[in-house]
Amino acid sequence: MKNVAILGSTGSIGRNSLEVIARQSDRFRATYLTANKNIDLLQEQIAQVHPRGVVVLDKCNASLLGKVLGDKTEILAGEEGLLEIVGREDVDIVISSLVGFAGLKPTIRAIQHGKTVALANKETLVVAGQLITSLVKKHGVQLVPIDSEHSAILQCLAGERRSDIAKLILTASGGPFLNRPLSEFDSITIKEALKHPTWAMGKKVTIDSATLMNKGLEVIEAHWLFDLPAEQIEVIIHPQSIIHSMVEFVDGSLKAQMGLPDMKIPIQYALSYPDRLPMNGKRVDFSELGSMTFFRPDRRKFRCLQIAFDVLAVGGTAPAVMNAANEIAVEAFLDGKIPFKKIPDLIEGAIASHRSISTPELENITEADGAARDYVHSCV
Ligand SMILES: NC(=O)c1ccc[n+]([C@@H]2O[C@H](COP(=O)([O-])OP(=O)(O)OC[C@H]3O[C@@H](n4cnc5c(N)ncnc54)[C@H](OP(=O)(O)O)[C@@H]3O)[C@@H](O)[C@H]2O)c1
C-alpha cells in the first residue's frame, strides 16, 4: 500500500487523483489532502477518504474548518503546513498539483525528503528546472510527469536509448481560438477563453491553453524532464487531442501515445510507474474518430508560445519572470481588468525589465518572481 499526499486535492487534477485512488484502493491511500479556499469541497473529501491530515493554505479557512471538524482530523495551515506534510513518514508519493509558483517549495521539500513526486505543477520545472533536476539526482528520487504530453513521451521512451531520440513532438489542441483570426482577438471574452474544446481543467491552465502559453510552459518542462535542447522539441497542433505526444527516433521511426483525453490515465500511470494498471472506461474508436489532423502553430498569433522558446534560450531566471508575469496577467484577464490580447504584452514587458541571472538559487528565483509580479501589477 502506497500513501499519497495530494497537494491541491480540491483542484481539477486533485479531484481526478482522488478518483484514481478510489478505484485502486488496494494499492493507494490518500493520507493528506490540501486546499486553498474551497473548504466545502475539502470537507466532503475528508468525509469520503478519511485522510490523516489536511492543510488549508488560507489561515482563516483553516480555523473555520477546525470549528466544524473538531479534533477528528489534523488540520494544518499555511505554506508551513504544506512543507510539513510532504516530509512525513506516512507519505510515499506526493502528487504536486497546486497551480502556479505556489507549487515550487512543497515540491522541493518533497524531493529533499526522498519522496516520489508525481508532477502536474509544470510551473515548478519552468521556474526552477535546473535546481529541481539537480535535487532529483542528488536525492535519487523519481519525478514522474502527470501532464498528458510528458506522460506520453515517457511512455514512448520506455525501452529506448536516449541517444536514439531525434526529437520530441508535443501535441496541442490549439485551444478555443485556433481558427479565430488575430484581427478578431480584441473581442475575446472570458467565457469564450474558458471554453476549452477537448479538456476540462482549472481556470489558469485553461487560459494558458487559449494563449498557447501552456504549450510554451510544456516545452520548457520537456526540456528539463528529458534533458533535450529546444531544437529537439517541436510543437504541432492536433485539435482532436487523441495523440498526446510523439517521439521521433534517429532512423525516422515515430512512436505516438494515444488515448481519449482523460487525465485519470496519466495520473494513474504516474502513480504506478513503471507498471501499468488496468482502467475501465471509454476507449478510442477509430471508426468513430474518422480523421486526425495536424497544423504548424502560428507563433505570431499565439505570441506566448514564441516567448516561451525565447526565455528557454536565455535561461537562468528568465523563465521564472515569464511565468510570474503570466500568472498575474491571466489573473487580471479573469478579473476583467485587461483584454485577452494584452497578456503577451505584459509578459514581454516584464521580461524586458529583467536582467536574467544564470544558474539561479531558490532565492534568486523567488526575487525574480516577485519583481515580475510587481511589474505586471503596476501595469494593470
Ligand atoms: N487540470 C488539468 O487537466 C491539468 C493537466 C495537466 C497539467 N495541469 C497542471 O496541474 C496544476 C493544477 O492544475 P488544476 O487545473 O488542477 O488547477 P485548479 O483546478 O485551479 O486547482 C488548483 C489547486 O491548488 C489549490 N491552490 C490554488 N492556489 C493555491 C496556493 N496559492 N497555495 C496552495 N494551494 C493553492 C486550489 O485550492 P482551492 O480549490 O481551495 O482554491 C486547488 O486545490 C497546474 O500546474 C496545471 O498546469 C493541469
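A short tour of the structure in this document, coming up. For clarity, every value in this text was computed on a predicted model and none was experimentally measured.

### Describing the site of the ligand
So, step 1. The local shell around the ligand holds 24 residues, among which T10, N36, K37, N38 and E123 are the closest.
So, step 2. Measuring from an oxygen atom of the ligand, one finds a backbone N or O atom of S12 at 2.9 Å.
So, step 3. Contacts to the ligand include E123, whose side-chain N or O atom sits 2.7 Å from an oxygen atom.
So, step 4. Relative to its unbound accessible surface of 900 Å², the ligand loses 86% to contact with the protein.
So, step 5. Going through the elements one at a time, α1 (12-23) and α6 (122-139) are the ones with two or more residues in the shell around the ligand.
So, step 6. Here the shell around the ligand is composed, by residue class, of 10 nonpolar, 10 polar and 4 charged.

### Re the sheet that holds strand β4 (residues 74-77)
So, step 1. Taken in spatial order, the 7 strands of this open sheet run β4-β3-β2-β1-β5-β6-β7, and their pairing is parallel. Looking along the sheet, the strands with just one partner apiece sit at the ends: β4 and β7 (143-145). Each neighbouring strand pair of the sheet contributes to a mean axis angle of 20 degrees, computed without reference to strand direction.
So, step 2. Bridge count for strand β2 (residues 28-35) against strand β3 (residues 53-56) is 4 bridges, and the pairing is parallel.

### Examining the nonpolar core
Soluble globular proteins tend to pack their nonpolar side chains together in the buried interior.
So, step 1. With 88 residues, the main nonpolar core has I146, L168, M322, F340 and I343 as its most contacted residues.
So, step 2. Tallying contributions element by element places helix α14 (residues 318-334) first for this core, with 10 residues.
So, step 3. Beyond its immediate stretch of four places on either side in the chain, F340 contacts F177, F185, I188, A193, A210, T211 and F333.

### Quick word on the pairing of strand β11 (residues 254-258)
So, step 1. Where strand β10 (residues 243-249) meets β11, 5 bridges bridge the pair, whose relative direction is antiparallel. Bridging from a neighbouring strand, E248 pairs with L254 of β11.
So, step 2. From the end of β10 to the start of β11, which pair antiparallel, there are 4 residues, and G252 there has a positive phi angle of about 90 degrees.

### A word on the side chain of H244
So, step 1. If you trace the backbone, H244 turns up in strand β10.
So, step 2. Looking at H244, its side chain comes within polar contact range of the main-chain oxygen of G259, at 2.8 Å.

### Focus on the packing of aromatic side chains
So, step 1. Across all of its chains, the model carries 6 aromatic pairs by this definition.
So, step 2. Ring centres of Y269 and Y273 lie 5.7 Å apart, and the angle between their planes is 75 degrees; this geometry places the pair in the edge-to-face category.
So, step 3. A residue is classified by how much of its surface remains accessible, and Y269, at 8% relative accessible area, is buried.
So, step 4. Here the aromatic rings of F333 and F340 are separated by 5.5 Å at their centres, their planes lie at 70 degrees, and the arrangement is edge-to-face.

### A look at unusual backbone geometry
So, step 1. Of note, the amide linkage connecting Y273 to P274 takes the cis form, showing an omega dihedral of 5 degrees.
So, step 2. For P274, the location among the structural elements is in the loop between α11 (264-272) and α12 (286-289).
So, step 3. Non-glycine residue D227 carries a positive phi angle of around 55 degrees.
So, step 4. By relative accessible area, which is 52% here, D227 ends up exposed.

### With respect to the environment of H354
So, step 1. Note on placement: H354 falls in the loop between α15 (342-352) and α16 (362-379).
So, step 2. Taking relative accessible area as the criterion, H354 reaches 22% and is therefore assigned partly exposed.
So, step 3. Measuring from C-alpha to C-alpha, the distance between H354 and T317 comes to 8.8 Å, with 37 residues separating the pair along the chain.
So, step 4. Those residues in contact with H354, other than ones at most four positions away along the chain, are T317, A318, V321 and A368.

### Here we look at helix α9 (residues 203-211)
So, step 1. Across the 9 residues that make up α9, a large majority, 7, are buried.
So, step 2. Of all the residues in α9, the buried ones are K204, T206, I207, D208, S209, A210 and T211.
So, step 3. The inward-facing, buried residues of α9 contact α6, α8 (190-193), α10 (213-226), α13 (303-314), α14 and α15.
So, step 4. Directly beyond the C-terminal end of α9, a positive phi value near 70 degrees is found at L212.

Cut-offs and rules
- Residues numbered from 1 in each chain as written.
- Predicted model: local features only at pLDDT ≥ 70, side-chain atom pairs only at ≥ 80, totals over all residues.
- Heavy atoms only, no water.
- Near = heavy atom within 4 Å.
- Polar contact = N/O pair within 3.5 Å; in protein donor to acceptor, adjacent residues only side chain to side chain.
- Areas by Shrake-Rupley, 256 points an atom, 1.4 Å probe, with all protein chains shown as cover.
- Helix = DSSP H or I, 4+ residues; strand = E, 2+ residues; numbered from the N terminus.
- Nonpolar A, V, L, I, M, F, W, Y, C, P; charged D, E, K, R; others polar.
- Pairing = 2+ DSSP bridges.
- Axes fitted to C-alpha atoms, helices over the stretch in contact; angles between N-to-C directions.
- Core = buried A, V, L, I, M, F, W, Y, C linked by side-chain atoms within 4.5 Å.
- Buried < 20%, exposed > 50% of the residue type's maximum accessible area, 1.4 Å probe, protein only.
- Contact = heavy atoms within 4.5 Å.
- Phe/Tyr/Trp six-rings, centres within 6.5 Å; stacked < 30°, edge-to-face > 60°.

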